[in-house]
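Examining the three-dimensional arrangement
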Amino acid sequence: ISCMGDENGNHKGGFALLDEKTFQVTETWEPKGSSVPFGYDFWYQPRHNVMVSSEWGEPNAFSHGFKPEDVANGKYGHSLHVWEWNERKLIQSFDLGDEGIMPLEVRFLHNPEATIGYVGAALSSNIFCFYKQNDGSWAVKKVIDLPSKKVEGWCLPEMPAIVSDILISMDDKYLYVSGWLHGDLFQYNIEDPHNPKLTGMIRMGGAIFKGSSVKLIDDEPPEKMIVNGVSIHGGPQMLQLSLDGKRMYVTTSLYSAWDRQFYPDELTQGGVLLKFDVDHENGGFVSNTPSLLVDFGKEPGGPSAAHEVRYPGGDCTSDIWL
């Protein structure tokens, strides 16, 4: 289990091992004294004896919402870490700098022989590719850049996309990217993994839509998405794809403190799960209109906000092949 802070909510990255029968914490995975500054996600490739981990931020900071000054004060991570899996040893760290603030989801290709993957830097709204070089060392390069949009009526003059999730189809053909604040869902062909090619996009509106309090300066905003009479409050956040690559499931909640700050109507009206049909063979989406809506606004004890999506027998964001 990835850990993000110490007992006082300060930043401290590391991993906890649980007993497989009792689920009691037995020890830290990494040797004593070798923790990293921040923690969040990780993915490993057993055949290559490697694990890659990412960084979000300090719990004392992000748990109360986003404050730009926390970035300047060093309370958010911007590094990617490479570990030897069997030896539990940190072997390389990459400082992604201002282009890589808040690297969140880590995704290796599903092919167990692959030595290449991606991480999405949420706040900088970039996608980095990490890969093993011929000499056995690892390298990182930026392969996708989602530019901020100039706006009025928001807390900053430019609004980042906030890349909150990325997902790779089970056949390693497509990379999906969610831009939570802009309200955009992207599909990239990654058959050439070092050079992703945009093949599809859906604009849900997010925080920028016609009639919203935020004015888009250099572009025409989309219509606010309304499905079966239900207004969508939020942007595409967590993603899950069917194993055949034909059905994309999207939820709208990132984290309650951030939902409350950027999409307050979601907490009062409820979040949703949407299904978009995918043209997996040719690329793109069959339609920009969802073919399924699950409204969590009227849940008992709700309204509720929807986050993680999982298939019971394994899925594109949790299966690792031995």
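Preceding this paragraph is the structure being described.
Now for a quick tour of the structure. Not measured: the values here are computed from a predicted model.

1. Considering the sheet that holds strand β9 (residues 116-121)
Strand order across the open sheet formed by four strands is β8-β9-β10-β11, with antiparallel pairing between neighbours. With one partner strand each, in any of the chains shown, β8 (103-108) and β11 (138-145) form the two edges of the open sheet. Adjacent strand axes in the sheet meet at a mean angle of 25 degrees when their direction is disregarded. Across seven bridges, strand β10 (residues 126-132) lies against β11 in antiparallel orientation. Each bridged residue has a counterpart across the sheet, and for Ile 127 the counterpart in β11 is Ile 144.

2. Here we look at the sheet that holds strand β7 (residues 89-95)
The pairing of strands in a sheet happens through backbone hydrogen bonds and is either parallel or antiparallel. Spatially, the four strands line up as an open sheet ordered β4-β5-β6-β7, and their pairing is antiparallel. What marks the edges here is a single partner per strand, and that holds for β4 (42-45) and β7. Each strand axis lies, on average, 20 degrees off the axis of its neighbour in the sheet, ignoring direction. Judged from the six bridges that link them, strand β6 (residues 79-84) and β7 form a sheet pairing that is antiparallel. If you follow Glu 84 over to β7, its bridge partner there is Lys 89.

3. Some remarks on the packing of aromatic side chains
Per the stated rule, a full pass over the model turns up 24 aromatic pairs. Note on Phe 15 and Phe 42: the rings are 5.5 Å apart at their centroids and 85 degrees apart in plane angle, and the pair reads as edge-to-face. Pair noted here: Phe 15 is in strand β2 (residues 11-18) and Phe 42 is in strand β4, with a separation of 27 residues, a long-range link. The class for Phe 15 is buried, based on a relative accessible area of 6%. For Phe 42, a relative accessible area of 27% gives the class partly exposed. Seen from their ring centres, Phe 15 and Trp 83 are 5.6 Å apart, and the 85 degrees between their planes marks the pair as edge-to-face. Placement of Phe 15 in strand β2 and of Trp 83 in strand β6 is noted, with a sequence separation of 68 residues between them. Overall, the relative accessible area of 0% leaves Trp 83 in the buried class. Ring pairing ties together the aromatic residues Tyr 40, Trp 56, Phe 62, Phe 66, Tyr 76, Trp 154, Trp 180, Tyr 255, Trp 258, Phe 262 and Tyr 263, which thus form one cluster. Sitting above the plane of the Phe 209 ring, Lys 224 keeps its charged end 4.4 Å from the centroid.

So, how was this worked out
Residues numbered from 1 in each chain as written. Predicted model: local features only at pLDDT ≥ 70, side-chain atom pairs only at ≥ 80, totals over all residues. Heavy atoms only, no water. Pairing = 2+ DSSP bridges. Helix = DSSP H or I, 4+ residues; strand = E, 2+ residues; numbered from the N terminus. Axes fitted to C-alpha atoms, helices over the stretch in contact; angles between N-to-C directions. Phe/Tyr/Trp six-rings, centres within 6.5 Å; stacked < 30°, edge-to-face > 60°. Buried < 20%, exposed > 50% of the residue type's maximum accessible area, 1.4 Å probe, protein only. Lys NZ or Arg CZ within 6 Å of the ring centre and 35° of its normal.

Purely geometric stuff here, so don't read any function into it on its own.
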